[in-house]
Amino acid sequence: MDSWWSLGDWSGFRGSELATNEIVCPFCGERGNWSAEFSAQKRQPNGYKILHYDTLKCGSCASFVQAFWSAGSGLHDFRVQPWPLKVCKAPEHWPEAIGRYWLQAKRNIKDESWDAAAVMARSALQLSLRDQGATGRTLQAEIDDLASKGVLPSLMRDWAHEVRALGNDSAHPAPSQAPTEAQDARDIVQFLDFFLEYSYSLPKKINDYRARRSTA
Ligand SMILES: [Zn+2]
């Protein structure tokens with residue numbers, strides 16, 4: 001998006017009214033329990049689009065958020081601030097089990113449980129490799145299998161081995177083992193983000209693009 005006036009034109013949520021049921025309160029975690037406290041609009045000069053600036057009040061904890069939103073044709077999109085700092089769900093187009101492990105990896109980072117984050121990241125990676133058809137008796141073999149089939153570019157393969165190595169230390173610990181370093185755990189979980197974006201979000205974007213082109 002190169003202009004805020006394009007918000008809601010190409011992606012977002014169905015309908016031309018703000019989907020408040022999608023907005024989670026950043027203070028109490030309640031979803032969709034909002035009333036409009038204040039509302040302002042700005043109409044596009046010589047155009048049809050309207051930018052909405054709404055202040056919403058949470059019916060559960062009485063906190064406020066600002067929702068900035070706009071509708072295109074049949075779609076609308078929004079940005080809300082502040083936003084929940086707790087990661088509460090994985091993208092819907094990711095396989096459910098993988099999203100569950102990813103979510104736990106993210107939460108372990110937030111809780112500063114670095115060993116647990118590394119183990120969950122390793123498990124999410126392994127699930128995703130298997131979901132993409134990897135075979136092999138070990139995680140190492142599964143990574144190399146997908147790379148040899150061309151599913152994983154060599155850079156992703158190398159990084160996947162890093163995730164494997166860090167996760168292995170925590171999953172099969174020795175009594176004398178040093179704890180996982182905070183920055184290592186953060187880096188590994190960030191790699192997992194890239195990996196899942198590449199594996200699931202990018203293909204979806206391409207499919208959405210093709211679907212739009214074929215109906216245009
Ligand atoms: Zn609330």
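Everything numeric here is computed off the predicted structure, so don't read it as measured data.

Rules behind the numbers
- Note that residues are indexed from 1 along each chain, following the sequence as it is written.
- Local features in this predicted model are restricted to residues whose pLDDT is 70 or higher, and side-chain atom pairs enter the listing and the counts only when it is 80 or higher, whereas totals over whole chains, interfaces and linings include all residues.
- The side-chain values count all of the structure's non-hydrogen atoms but skip hydrogen atoms and water molecules.
- Between any two strands, at least two bridges found by DSSP are needed for them to pair.
- Numbering goes from the N terminus for both helices and strands, where a helix is a DSSP run of H or I of at least four residues and a strand is a run of E of at least two.
- Each metal site is built from N, O and S donor atoms within 2.8 Å (3.2 Å for Na, K and Ca), and since water is not included, such sites may look incomplete.
- Every geometry call rests on angle ranges, with four donors termed tetrahedral when all angles are between 85 and 135 degrees, four termed square planar and six termed octahedral when opposite donors are over 155 degrees apart and all others are between 65 and 115, and everything else termed irregular.
- Partly exposed describes any residue whose relative accessible area lies between the buried limit of under 20% and the exposed limit of over 50%, with all areas from a 1.4 Å probe on protein chains only and scaled to the type maximum.
- What counts as a ring pair is set by centres within 6.5 Å for rings of Phe, Tyr and Trp (its six-membered ring), and what kind of pair is set by the plane angle: stacked under 30 degrees, edge-to-face over 60, tilted for all other angles.
- For every residue, the predictor states its confidence as a pLDDT score lying anywhere from 0 to 100.
- Throughout the structure description, domain borders are defined by an automatic or database domain assignment.
- We count a salt bridge whenever a side-chain nitrogen from Lys or Arg sits within 4 Å of a carboxyl oxygen from Asp or Glu.

K.L.:
In this structure, what is going on with the pairing of strand β3 (residues 50-58)? I would like to understand it.
P.N.:
Regular strands place their side chains on alternate faces of the sheet. Where strand β2 (residues 34-43) and β3 come together, nine bridges link them in antiparallel fashion. Across the sheet, the residue bridging to K42 is L51, located in β3. Between β2 and β3, which pair antiparallel and follow one another directly, the connecting turn spans six residues, one of which, N46, has a positive phi of 60°. In the sheet, β3 pairs with strand β4 (residues 64-71) via seven bridges, with the strands oriented antiparallel.

K.L.:
Please explain the coordination of the zinc ion as it appears in this structure.
P.N.:
Coordination angles at a metal have ideal targets, namely 109.5 degrees for four tetrahedral donors and 90 or 180 degrees for six octahedral donors. Within the protein, C25 (SG), C28 (SG), C58 (SG) and C61 (SG) serve as the donor atoms for the zinc ion, at 2.3 Å. Around the zinc ion, the four donor atoms are arranged such that angles at the metal cover 107 to 114°; this shape is classified as tetrahedral. Here the donor residues of the zinc ion are spaced in sequence according to C-x2-C-x29-C-x2-C. Taking the relative accessible area as the measure of exposure, C61 reaches 30% and is therefore partly exposed.

K.L.:
For this particular structure, what's the right way to read the packing of aromatic side chains?
P.N.:
In the structure shown here, the tally under the stated rule is six aromatic pairs. Between F13 and F78, the aromatic rings sit 5.0 Å apart at their centres with planes inclined by 15°, giving stacked as the arrangement. Of this pair, F13 sits in strand β1 (residues 13-14) while F78 sits in strand β5 (residues 75-81); the two residues are 65 residues apart in sequence, bridging distant segments of the chain. Ring centres of W159 and F191 lie 5.1 Å apart, and the angle between their planes is 10°; this geometry places the pair in the stacked category. Taken as a pair, W159 in helix α4 (residues 154-171) and F191 in helix α5 (residues 182-215) lie far apart in primary sequence, 32 residues in all.

K.L.:
Is there a simple way to explain the pairing of β5 in this structure?
P.N.:
Pairing analysis gives two bridges linking β1 to β5, with the strands arranged antiparallel. Directly across from R14, in β5, lies its bridge partner L75. Relative to β5, β4 runs antiparallel, the two sharing six bridges. Each residue of the ladder has a partner; that of F68, found in β5, is R79. Linking β4 back to β5 in an antiparallel pair, the connection comprises three residues, with G74 at a positive phi of about 85°.

K.L.:
Before we go on, may I ask you to explain the confidence of the model for the chain in this structure?
P.N.:
For the chain, the average pLDDT comes to 92, and 100% of its residues sit at 70 or higher. When the elements of the chain are averaged for pLDDT, α4 gives the smallest value, 87, and β3 the largest, 98.

K.L.:
What exactly am I supposed to notice about the domain arrangement of the chain here?
P.N.:
Per the domain assignment, the segments of the chain are domain 1 (4-81) and domain 2 (96-215). Once you take the C-alpha centre of each, domain 1 and domain 2 turn out to be 33 Å apart.

K.L.:
Is there a simple way to explain the pattern of salt bridges in this structure?
P.N.:
Once their charged atoms are close, side chains differing in charge can pair, the charge on each being opposite to the other. For the structure shown, the criterion picks out 10 salt bridges. Two residues, D193 and K106, come together in a salt bridge whose shortest N-O distance is 2.8 Å. Within this pair, whereas D193 is found in helix α5, its partner K106 is found in helix α1 (residues 96-110), the two being separated by 87 residues in sequence. A single burial state applies to D193 and to K106, both of which are buried. The residue E142 makes a salt bridge to R130 at a minimum N-O spacing of 2.6 Å. One end of the pair, E142, is in helix α3 (residues 139-148); the other, R130, is in helix α2 (residues 114-131), and 12 residues separate them in sequence. Owing to a relative accessible area of 2%, E142 belongs among the buried residues under this scheme. Exposure remark for R130: the relative accessible area of 48% places this residue in the partly exposed category.

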